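Architecture and fold: a report
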Amino acid sequence: MSFPTFLFYAFAAILVFAALRVVTTRNPVHAALWLVLAFFTAAAHWLMLRAEFLAIALVLVYVGAVMVLFLFVVMMLDVNFDSLRAQFRNYVPVAATVGVLVLVEMALVLLGSYLKPGSAALPAPAAGGNTRALGLLLYTDYVYAFEIAAVVLLVAIIAAIALTHRRRRETRYQDPGKQVKVRAKDRLRVLGMPAEKRDG
Amino acid sequence: MNLAPVAGFFGPAWPVLWTLAKILVIAVPVILGVAYMTYAERKVIGWMQVRIGPNRVGPLGLLQPFADVFKLIFKEIVVPTGANRYLFFIAPMLALGPALAAWAVVPFAEGLVLADINAGLLYILAMTSIGVYGIILAGWASNSKYAFLGCLRSAAQIVSYEIAMGFALVGVLMCASSLNLSDIVRGQEGGLANWYFIPLFPLFIVYFISGVAETNRHPFDVAEGESEIVAGFHVEYSGVTFALFFLAEYMNMILIAALTAIMFLGGWLAPWPLLNSDTVLGFAPFGDGLPWLLGKMAFVLLVFLWIRATFPRYRYDQIMRLGWKVFIPVTLVWIVFVGAMMQTRFAPLFH
Amino acid sequence: MTHALLPVLPEAVLLAAACTVLLLDLFLPPSRRHWSFWLTQATLLACAAITVATAELQPLHAFGGLVVDDMLSDFLKLLSCVAVSTMLFYSRGYLAVRGLFRGEVLVLTMLALLGMMVMISAASFLTLYLGLELLALCLYSMVAMHRTSNAASEAAMKYFVLGALASGMLLYGMSMVYGATGSLDIHRIARVIHAGQGNGTVLLFGLVFVVSGIAFKLGAVPYHMWVPDVYHGAPTAVTLLIGTAPKLAAFALTLRLLGVALAGLEFDWQGMLIVLSLLSMVLGNVTAIAQTNIKRMLAYSTIANMGFMLLGFLAANLAGYSAAMFYVVAYVLTSLASFGVVMLLAREGFEADRIEDFRGLNQRSPWWAFIMLLVMFSLAGVPPTLGFYAKFAVIEAAVGAGFIWLAVAAVLASLVGAFYYLRVVKVMYFEDAVDTTPIVARGDNRALLSANGLALLLFGILPQPLMGLCVVALAQSGFL
């Protein structure tokens, strides 16, 4: 077994284990962290396929941003997962039957043609790295799809703000502009008063 | 230097050993740098506030950092009741790991870099973005309200400022047309006037301030906020575990300084190309090289300290306002501006 | 040689206008909100005009095959613009009294339309999927827009979760097809399959997932669970949007995926569609009988109608496709009018969404009772309304393709359906009004709704021009 093959199996084992722990662990924070590990190992696989842009983007976007926000929410929720799990157990027999059936079915059909050792060689790395190659494709051939994807994100922003933003009357806002513009005479009035003498 | 005989001696283990040696050559000076950064911080702020600063341990107090380190090492590690033990201990490591790993792609001089990868800038962004896990987990695993508040503040702050920081870097990569940090420095060759801080001045400022916010430094240190939430996310940490957080914070600070120097201040390049031709015995003492990078980093770090000594702490909502409503729009506008200017006859100014 | 960007000009105009309204609306006081409204309407008009003006007889590909501009897409885009514009006219008053007449609703409506247009003129899995997501995301958030309503939040949650699941399935199926054929371009996939290349097993698996995803989006049984809850829980204006124009886009999606890309697997998907169609027609019509809420009843009616549409589709020839297309167009027209009447009767604090709310409508307003009568006749398939001819066409297509038993089942199902549609008519005409509040509405709303109702009658009597348009559009787009 060559070193890359060994690495592949090592990462694959970690990935599968982490993914299993995501669904089996009791603590939601732990589950989120196992998911982070799964993302990392998936990124490692991509690195081995010379897709360094995708690998780093996965870490940057999913690990660095999405999962942080996810953890943020999970940590603040006080959900009793055991009560959820109790209901879950009721569905296990049905779910397991369906799951196993689908798995067996797919295995029967797909295994025959796919369990042969792969012969496909790695594609040659693109000149100047695949970041450049991806960028060139995205902004030329796929520019339309790229723009539509941008609109999807815009919709997400509009929807999130429209659904959560509410103007609270009781909140007091600070207006730095006004603060800076304040002059002493707006707040203070200097009165000229003659000194009073004490009698006697 | 011919290393072939040594390499032959170690056989197939040699590449691993050689890489380890290179890692040590980077990591040890960085850790030493952190030690003396703490000393410098106390001295500089002391001087700014007309005090003396540490002066007891060793000549001029120079051994003070080591005294602090030994004190921390010998202190007991207290695990709070109800804390999540595993995560409690993993958290400081997760804070330190990315801070160290990011140094892998930092070029110190021409060719002097551990991993000269094409997607270096992305790698840096990815590494700095996962440092936040240490803080979040520390806050959560401590089972303490103060720590939890600190970690929530910190997570929101870091995620927000990362966006502005990322956009500032987009400006840099537009100018350099490369994600490779060495190429970015090479793109600034030709003297002070070619350094990117001139065409990208707003991005430079945004990047630097976001860097301050990313490292949870003054005046954005609400995650620690001594006067409000005691010490924030690491309130329950003591001894070595605390030392690791401390190390991570300062290491990130030095990293931000190095990146600012590399991306906006010409990295290892001398401000005047003429200095390269001014040779003594075939060697240019003031030419391009590591000393210039270190000097620029020292300057940036000094500004970090200067800011800490000068400004009061921001309120939390003000931090968010600054990040989302000021920095992100500024960076976006400037990116569009740079892109537009590149289409005009002023394009050479932006390359 | 036309300009390369011409095929997407309507989309570009729409997007630019949506951004303009988004920004403009921020600075408008609530009393000037009608500016945003009229700007939106003007945009829809402009889009429709551009679509007509740039119509091409021959299919025109753009952006390296991501987009196609053919007669089919022009026709469906035009209808979508009209449907969305009508929906806005109908729902203006309804939204205003519920505090929902906001810029975001208008912008999201426009962006939803953009999603539909992208889907309609997509020639690649990538654009199909992106358009679908854009549309779905807008709809999810619009369902949830009524924040004080628990039913709306619940509906939005269900819609979102199930919709995401469906997208996942569709995407999974698409990626399998990509894996088997090595392309995302629908025409190239069709060529690869036609040439007998590509891994057959993987293709079949992909097809199963693609059909499941489509069935989810159409709301066909057994993937229909979301439809009643969403139709019921969403504000009626949003229900109207969900129930009309997106069906046109869903038709385009089905046609491009099954009718073009996977046309070579016709015999495989025909079988699946038979099951979906039969179950939808039977279950939709039977369950609708038990409903007391008219929005829920119309939801089950949608399920049944999608079954009828699939009935035409599974004939898999020009007659079948054009019958299905005619059916969708007829359904959209009828659906617009049905929810239009529901919204007309609604007022502040009163939804008019129970069947008993229609009691004695004839006494309150004979005209609106007549329009509702036309709508119900059309849904039930009573001649001479539009619905009759639509049902006739799909059943004829099914018979023509040899599915005689299926056609018989469809006739029986529509007989069951007639029962609950006619029950509404009975309630309107033969029961006494309890609620005698006068019906008030803006003039444009009344005029449009009347025209819409009469159109059901007009196209029912003279269906040939519309049917001819469907046939020509499909034939010119390469479905011969």
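Computed from a predicted structure; not experimentally measured. (Residues numbered from 1 in each chain as written. Chains lettered and ligands numbered in written order. Predicted model: local features only at pLDDT ≥ 70, side-chain atom pairs only at ≥ 80, totals over all residues.)

1. Observations regarding the overall build of chain B
For chain B, the count of helices and strands is 13 helices and 0 strands. Starting at the N terminus, the α and β elements of chain B follow one another as α-α-α-α-α-α-α-α-α-α-α-α-α. A compact globule built from 351 residues should have a C-alpha radius of gyration of about 20 Å, and chain B, at 21 Å, falls within 12% of that. Seen through its C-alpha atoms, chain B measures out along the principal axes to roughly 65 × 60 × 45 Å. In chain B, 77% of the contacts between residues at least 6 apart in sequence involve partners at least 24 apart. (Helix = DSSP H or I, 4+ residues; strand = E, 2+ residues; numbered from the N terminus. Rg over C-alpha atoms; globule rule 2.2 N^0.38 Å. Contact = placed C-beta atoms within 7 Å.)

2. Things to note about the overall build of chain C
Helix and strand counts for chain C come out as 20 helices and 2 strands. Here the C-alpha atoms of chain C give a radius of gyration of 21 Å, agreeing with the 23 Å that 2.2 N^0.38 yields for 480 residues. Taken along the three principal axes of its C-alpha coordinates, chain C extends 70 × 55 × 40 Å. The buried share among the 480 residues of chain C stands at 59%. When contacts within chain C are restricted to residue pairs at least 6 apart in sequence, long-range pairs at least 24 apart make up 80% of them. (Buried ≥ 20, exposed ≤ 12 C-beta atoms within 10 Å, placed from the backbone.)

3. What to know about the interface of chain C and chain A
Taken together, the 26 residues of chain C in the interface contact 17 residues of chain A. At the level of elements, helix H1 (9-26), helix H4 (103-120) and helix H5 (125-143) of chain C are the ones that each hand at least two residues to the side of chain C that touches chain A. For the side of chain C that touches chain A, the leading source of residues is H5 of chain C, giving 9 residues. Per-class residue counts for the side of chain C that touches chain A are 18 nonpolar, 5 polar and 3 charged. (Nonpolar A, V, L, I, M, F, W, Y, C, P; charged D, E, K, R; others polar.)

4. Focus: the nonpolar core
Core analysis: the largest hydrophobic core is formed by 203 residues, its most contacted members being Val143 and Tyr327 of chain C. For this core, the element with the most residues is helix H14 (residues 318-345) of chain C, which contributes 20 residues. Formed by 121 residues, the second largest nonpolar core is a distinct cluster that contains Leu121, Ile124, Val132 and Ile262 of chain B. (Core = buried A, V, L, I, M, F, W, Y, C linked by C-beta atoms within 7 Å.)

5. Some thoughts on helix H13 (residues 316-341) of chain B
Residue and element names in this part refer to chain B. With 26 residues, H13 extends 36 Å from end C-alpha to end C-alpha; this agrees with the ideal 38 Å at 1.5 Å per step. Bending of H13 peaks at approximately 30° at the position of phenylalanine 327, with proline proline 329 no more than four residues after it. Within H13, burial applies to Ile319, Gly323, Phe327, Thr331, Trp334 and Val338. Along its buried surface, H13 packs onto helix H7 (145-176) and helix H9 (201-214). (Expected span 1.5 Å × (residues − 1). Bend = angle between axes of the 7 residues up to and from the residue.)

6. Describing the confidence of the model for chain C
Of all residues in chain C, 99% have pLDDT values of 70 or greater, and the mean over the chain is 89. In the predicted assembly, ipTM is 0.90 and pTM is 0.87. (pLDDT = per-residue confidence, 0-100.)

7. Looking at the packing of helix H5 (residues 120-130) of chain B against H7 of chain B
All names here are of chain B. Running from N to C, H5 and H7 cross one another at 170°; their axes reach a closest spacing of 11 Å. Relative to H7, the element H5 is oriented roughly antiparallel. On the side of H5, the interface is formed by Leu121, Leu125 and Ser129, while H7 contributes Glu162, Gly166, Leu169 and Leu173. The residue inventory of the contact of H5 with H7, partitioned by class, reads 4 nonpolar, 2 polar and 1 charged. (Axes fitted to C-alpha atoms, helices over the stretch in contact; angles between N-to-C directions. Parallel < 35°, antiparallel > 145°, perpendicular 65-115°, else oblique.)

8. Some words on the packing of helix H7 (residues 186-194) of chain C against helix H11 (residues 245-261) of chain C
If you want to describe how two helices pack, look at the angle between their axes and the distance between the axes. All names here are of chain C. At a closest axis distance of 9 Å, the pairing of H7 and H11 adopts a crossing angle of 30°. Judged by the angle between their axes, H7 and H11 are roughly parallel. For the pair H7 and H11, contact is made by Ile186, His187, Ile189 and Ala190 and by Arg256, Val260 and Ala261, respectively. Looking at the contact of H7 with H11, its residues break down into 5 nonpolar, 1 polar and 1 charged.

9. Regarding helix H6 (residues 132-141) of chain B
Taking burial as the measure, the 10 residues of H6 of chain B include 10 buried ones, the bulk of the element. Residues of H6 of chain B that are buried make contact with helix H2 (28-48) and helix H3 (52-76) of chain A together with helix H4 (85-101), H5, H7 and helix H11 (239-264) of chain B. A positive backbone phi angle near 55° is found at asparagine 143 of chain B, which sits one or two residues after H6 of chain B.

10. Remarks on the interface of chain B and chain A
Often, the extent of an interface is quoted as the loss of accessible area on bringing the components together. Listed as interface residues are 15 residues of chain B and, on the opposing side, 16 residues of chain A. When contributions to the side of chain B that touches chain A are tallied by element, the ones reaching two or more residues are H5, H6 and H7 of chain B. Here the side of chain B that touches chain A is composed, by residue class, of 13 nonpolar, 2 polar and no charged.

11. Topic: the arrangement of the chains
If you rank the 2 pairs of chains in contact by how many contacts each has, first place goes to chains A and C. No part of chain B reaches chain C; the closest C-alpha pair between them is 15 Å apart.

12. Thoughts on the confidence of the model for chain B
Averaged over chain B, the pLDDT score is 84; the fraction of residues at 70 or greater is 96%. When pLDDT is averaged over each element of chain B, H9 of chain B comes out on top at 90 and helix H10 (residues 226-229) of chain B at the bottom at 69.

13. A few points about the environment of leucine 45 of chain C
Residues and elements named next belong to chain C. Assignment of secondary structure puts leucine 45 in helix H2 (residues 33-53). Given 13 C-beta atoms within a 10 Å radius, leucine 45 is considered partly exposed. For the pair formed by leucine 45 and valine 82, sequence separation is 37 residues and the distance between their alpha carbons is 8.0 Å.

14. Notes on unusual backbone geometry
Between valine 221 of chain C and proline 222 of chain C the backbone carries a cis peptide bond, its omega angle lying at 5°. Take proline 222 of chain C: it is sitting in the loop between helix H8 (200-218) and helix H9 (226-233). The residue after proline 383 of chain C, namely proline 384 of chain C, is reached through a cis peptide bond having omega 5°. Inspection of the secondary structure puts proline 384 of chain C in the loop between helix H16 (366-380) and helix H17 (386-400). The backbone of serine 177 of chain B sits at a positive phi, close to 45°, despite the residue not being glycine. With respect to the secondary-structure elements, serine 177 of chain B resides in the loop between H7 and helix H8 (181-186).

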